[in-house]
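Residues per chain, in single letters:
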Protein chains: 2
Amino acid sequence: MSKILVFGHQNPDTDAIGAAIAFANLQKELGKDVEAVALGEPNEETAFALNHFGLAAPRVVTTVANEVEQVMLVDHNEFQQSVADIENVEVLAVVDHHRIANFQTADPLYYRAEPVGCTSTIILKLYKEANVEVPKAIAGMMLSAIVSDTLLFKSPTCTPEDVAAAKELATIAGVDLETYGLEMLKAGTNLGDKAAAELIDLDAKSFPMADKNVRIAQVNTVDLAEVFARQAELEAAMQAANEQNGYDLFVLVVTNILDSDSEILVVGEPKEKIEAAFDVKLVNQRALLKGVVSRKKQVVPQITAAFQA
Amino acid sequence: MSKILVFGHQNPDTDAIGAAIAFANLQKELGKDVEAVALGEPNEETAFALNHFGLAAPRVVTTVANEVEQVMLVDHNEFQQSVADIENVEVLAVVDHHRIANFQTADPLYYRAEPVGCTSTIILKLYKEANVEVPKAIAGMMLSAIVSDTLLFKSPTCTPEDVAAAKELATIAGVDLETYGLEMLKAGTNLGDKAAAELIDLDAKSFPMADKNVRIAQVNTVDLAEVFARQAELEAAMQAANEQNGYDLFVLVVTNILDSDSEILVVGEPKEKIEAAFDVKLVNQRALLKGVVSRKKQVVPQITAAFQA
């Protein structure tokens, strides 16, 4: 039996890394020769969680076909968010909670997607269906992933299943959900020491829309003003990223995790699609989106619809 | 709550119709307002099964956006195999056992695919997970779907899960698996009274490959010679279908359900991709494919690979 790599999306967040670790462990228990890897280094929030639960960061890979023929994807499916040579390997399984797009296989596969707030919520189900116990440290990472994806249950993507899974995992992991959760989220808002180019790439995904390539990045903060004090520097970095990578439009979503609002900064064209998407007028390239915290549910579908209109 | 339509692929086979009936019933039990419909009339095999278990054929629809906003798909995902206006409705759920391609959504959805022989095998799992009993007549249709898709367990797509599910469903349905199964399969091989144009469209699917549009149809028989006695008539119908529908290449797979072999008839270009796919030389546009019974596992991936080479 040849080895299988399991990984989440590029610019991995806590779910991308936590779900890879958790799903790989389940597959191992089921007898498969798998290794959890990652398409980038953990961000500060994820590093905090890994450290808290005593787990090592997965090995970082940039290509996979050089070492395996088969892979399993977690927390993503769109090829442009996956490993560079994804089309050269067979995708055996996907566990995800996003829309499906820019994904195809030549053969039947295992695909498990549910419209819940976090991949790790689905993976907890898979453990139960397979009658496998979740190890304590892995429960901690899965819990961290749910807290991260749902912003401690404040995101509209959060479902009752996510809340129930998080509570169950907190018990296994032996932590207080609220205390640990807020501590972990705050660890991810330490943006001050990051260069603008790094900041706009921390949690960024590309979406082909009509004939445009739209880049949407999100950062969490406890102080919007602190981030926008660096607006000129951020705009220059976004402009440079557009030029270097062929993005037409770059949308940076800065989310205040305490107030559950976001302010967007937009560089590139067509900006009118963004104004139409949120029914706002961009002033100084910016707009406040009240109550918006979820890229997946409150940003991507709205922009997609504006491009289709 | 607005109504949701549930349906399988165009040119419905027994799984497309059986899985739609079974999944719709499950969703009803879970409180959803759903109706199973079909994208075509039942074929003779399916009609035999519906009649045997006393079920009505689902209403046939050609468009859905005129009556609903949301749909659930079974036994297919590729848009060109789905309803004509699939892009104008929201796909809430998919239960399938095929490759994923030419499928995309704007929002997260429920997607359950497993590499098993039949959609109905997965749907039996969903009943169990939801703790809902399978009604007797519906168990009969699900059993019929498994027998149909696996050719009574002879297809390489058949997994131990399909066999176990079929046995369990036969018990609920109160039929002898082997006796009923062979009787049902034979009911589907009555091709003599069908016009060639009808025969090549009974179970036909389109696949975009490279820049070509490839049509692959399959018919079951207990006598290959009887079908190929009509070769000239079949070729003319395939040629006409290519011209009318813009297919580049039409492959008719004639499967002997007793010997578990298939003979193919090919009309259109590039024929050399078919020869490369199966490492055969077409003689008189035909080739015998020993041991080939599964379009999904033994035909589509091989032709796909030949087009990618």
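- Chain A has the name Probable manganese-dependent inorganic pyrophosphatase in an unreviewed UniProt entry, where Enterococcus columbae DSM 7374 = ATCC 51263 is given as its organism.
- Regarding chain A, the relevant UniProt record gives this comment under Subcellular location (unreviewed entry): "Cytoplasm".

**What about the overall build of chain A?**
And then number 1: Across its full length, chain A holds twelve helices and eleven strands.
And then number 2: Against the compact-globule benchmark of 19 Å for 309 residues, chain A has a radius of gyration of 19 Å, which places it among compact chains.
And then number 3: Structurally, chain A occupies a C-alpha span of about 55 × 45 × 35 Å along its principal axes.
And then number 4: Burial statistics for chain A: of 309 residues in total, 62% are counted as buried.
And then number 5: Here the analysis covers contacts within chain A between residues at least 6 apart in sequence; of these, 64% occur between residues at least 24 apart.
And then number 6: Carbon and sulfur atoms form 49% of the exposed surface of chain A, whose accessible area is close to 11700 Å².
And then number 7: Between the centroid of the 25 positive side chains of chain A and the centroid of its 45 negative side chains there is a distance of 3 Å.

**A short note on the packing of aromatic side chains**
Residues and elements named next belong to chain B.
And then number 1: Taken as a whole and assessed by the stated rule, the structure comprises eleven aromatic pairs over all chains.
And then number 2: Considering the side-chain rings of Phe53 and Tyr180, the 5.3 Å spacing of their centres and the 65 degrees angle between planes classify their relative orientation as edge-to-face. Of this pair, Phe53 sits in the loop between α2 (44-52) and β3 (59-60) while Tyr180 sits in helix α6 (residues 177-187); the two residues are 127 residues apart in sequence, bridging distant segments of the chain.
And then number 3: Judged by its relative accessible area of 11%, Phe53 is buried.
And then number 4: Each ring, one from Tyr247 and one from Phe250, has its centre 6.1 Å from the other, and the planes form 75 degrees; the classification is edge-to-face.
And then number 5: Take Tyr247: its relative accessible area is 12%, and that puts it in the buried class.

**A look at the UniProt feature "domain: DHHA2" (unreviewed entry) in chain A**
And then number 1: Annotation from UniProt places "domain: DHHA2" (unreviewed entry) at residues 181-307 of chain A.
And then number 2: Between the first and last C-alpha atoms of residues 181-307 of chain A the distance is 36 Å; the span itself is 40% helix and 28% strand.

**A word on the relation of the copies chain B and chain A**
And then number 1: Between chain B and chain A, which share one sequence, the superposing operator has a rotation angle of 180 degrees and an axial displacement of 0.0 Å; the RMSD is 0.0 Å. The symmetry that links the two subunits is that of a two-fold axis. Across chain B, the smallest distance between a C-alpha and the rotation axis is recorded for Arg112 of chain B, namely 2.5 Å.
And then number 2: The share of interface residues of chain B whose copies in chain A are also at the interface is 100%, consistent with both copies meeting through the same surface.

Rules behind the numbers
Residues numbered from 1 in each chain as written. Chains lettered and ligands numbered in written order. Predicted model: local features only at pLDDT ≥ 70, side-chain atom pairs only at ≥ 80, totals over all residues. Heavy atoms only, no water. UniProt positions renumbered as here; feature names shortened; annotations may be inferred. Helix = DSSP H or I, 4+ residues; strand = E, 2+ residues; numbered from the N terminus. Rg over C-alpha atoms; globule rule 2.2 N^0.38 Å. Buried < 20%, exposed > 50% of the residue type's maximum accessible area, 1.4 Å probe, protein only. Contact = heavy atoms within 4.5 Å. Areas by Shrake-Rupley, 256 points an atom, 1.4 Å probe, with all protein chains shown as cover. Lys, Arg positive; Asp, Glu negative; His and termini not counted. Charge placed at Lys NZ, Arg CZ, Asp CG, Glu CD. Phe/Tyr/Trp six-rings, centres within 6.5 Å; stacked < 30°, edge-to-face > 60°. Least-squares fit on C-alpha atoms with pLDDT ≥ 70 in both.

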